[in-house]
Amino acid sequence: MVVLMVTSVGTYFWADSKLTRTIDLGALPNRPPQDTGTNYLIAGSDNRGNLTHAQQQALHVGSDNEGQFGNSDTMMILHVGSHGDTLLSLPRDSYVTIPAFTGQTGKHYPASKHKLNVAFSWGGGQLLAQTVEYNTGLHIDRYAEIGFGGFVNLVNTLGGVNMCLDKPIKDKDSGADFKAGCQEFNGAQSLAFVRERHQEANQDLGREKHQQQFLHAVAQQTATPGTLLNPFKLYPALGAGLETLSVDKSMSLCDLAKLALAMKDVSGGQGTSTVVPVANPSYPTADGDSLLWNQTQAKTLFSKLQNDDPVAG
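First, a word on scope: everything that follows refers to the structure included in this document.

Rules behind the numbers
- Residues numbered from 1 in each chain as written.
- Predicted model: local features only at pLDDT ≥ 70, side-chain atom pairs only at ≥ 80, totals over all residues.
- Heavy atoms only, no water.
- Salt bridge = Lys/Arg side-chain N within 4 Å of Asp/Glu carboxyl O.
- Buried < 20%, exposed > 50% of the residue type's maximum accessible area, 1.4 Å probe, protein only.
- Disulfide = S-S within 2.5 Å.
- Helix = DSSP H or I, 4+ residues; strand = E, 2+ residues; numbered from the N terminus.
- Contact = heavy atoms within 4.5 Å.

In a structure, side chains of opposite charge can pair up when their charged atoms sit close to one another. Taken as a whole and judged by the stated rule, the model has 5 salt bridges. Put simply, Arg92 and Asp93 hold a salt bridge, and the shortest N to O gap is 3.4 Å. Taking relative accessible area as the criterion, Arg92 reaches 14% and is therefore assigned buried. By relative accessible area, which is 7% here, Asp93 ends up buried. Three or more residues are tied together by salt bridges with common partners; here these are Arg92, Asp93 and Lys115.

It is worth spelling out the state of the cysteines at this point. In total, this model carries 1 disulfide according to the counting rule given. There is a disulfide in this structure between Cys164 and Cys182, and the S-S distance comes to 1.9 Å. Here the S-S torsion is close to 100 degrees, and the disulfide linking Cys164 with Cys182 is therefore right-handed. Here Cys164, found in strand S10 (residues 161-165), pairs with Cys182, found in strand S13 (residues 181-185); they are 18 residues apart in sequence, far enough to count as distant. For Cys164, a relative accessible area of 40% puts it in the partly exposed group.

Another aspect to go through is the environment of Ala100. Tracing the backbone shows Ala100 in the loop between strand S5 (95-98) and strand S6 (101-102). The spatial distance from the C-alpha of Ala100 to the C-alpha of Ser112 is 7.6 Å, given a sequence separation of 12 residues. With near-sequence residues (within four places) excluded, Ala100 lies in contact with His108, Tyr109, Pro110, Ala111 and Gln130.

As structure tokens, then:
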């Protein structure tokens with residue numbers, strides 16, 4: 001029992017030391033009131049700062065970040081509540097209002113209309129969280145972000161992820177080249193799959209479905225006894241995941257565990273996966289074709305999440 005307690009305590013402090021806490025959600029201005037339940041904002045960053053030129057070429061991600069913080073192809077809200085958990089995808093091309101903010105140099109920027117991923121490019125997770133709160137009215141309680149390199153390392157540490165496709169996928173921009181049927185993706189293939197959109201008829205919305213499908217597969221595979229009860233697999237996977245995460249300053253390991261369990265519930269059919277309602281997926285703007293939300297339906301959905309009411313998929 002003493003050995004078990006020491007090992008458990010040691011694992012906790014080891015795991016806690018791996019987390020990078022950067023985003024200060026408490027400093028966000030004009031915040032919505034606290035909702036019923038907990039809202040996690042999950043983002044995937046394409047920042048290439050930790051990738052070599054060879055890795056950038058191999059992963060088909062190019063060599064230039066757009067803006068100081070790069071871009072985000074993945075933006076989701078995971079609502080954990082007493083009436084079931086909901087994973088809500090926010091397409092990166094959503095045309096939203098980026099609220100007035102002050103940059104790192106102290107310069108003040110007025111509110112403006114742009115695609116949602118512009119908020120991440122300009123101000124990273126901090127401005128992304130502020131923008132999501134402003135446009136949804138949802139109070140963001142926790143923030144988690146993972147970059148390209150970390151994503152690939154995590155999948156490879158798990159030994160790959162099994163995916164089943166109902167059609168072949170080929171996209172030279174993302175590097176995706178997959179046959180239909182069930183197959184195992186390594187880290188690079190997984191990244192290509194969640195970034196692919198050009199073969200999809202609805203582009204950004206199709207990519208959101210891919211991302212949800214992949215997260216479900218990872219959640220199911222990570223929670224198997226073969227991973228959880230095997231220290232030679234658990235510790236490398238845990239270390240790879242934690243080292244590449246950037247989270248808010250109040251995030252605890254308990255919060256991360258709740259996030260993981262909620263993802264597993266959603267993927268196991270005990271929760272709901274959905275995408276923000278869309279009025280026009282090809283709305284012309286100065287930023288190019290953007291995705292316009294159906295404001296009436298979106299407000300109804302956001303209200304249900306605020307009140308922790310059941311959400312239909």
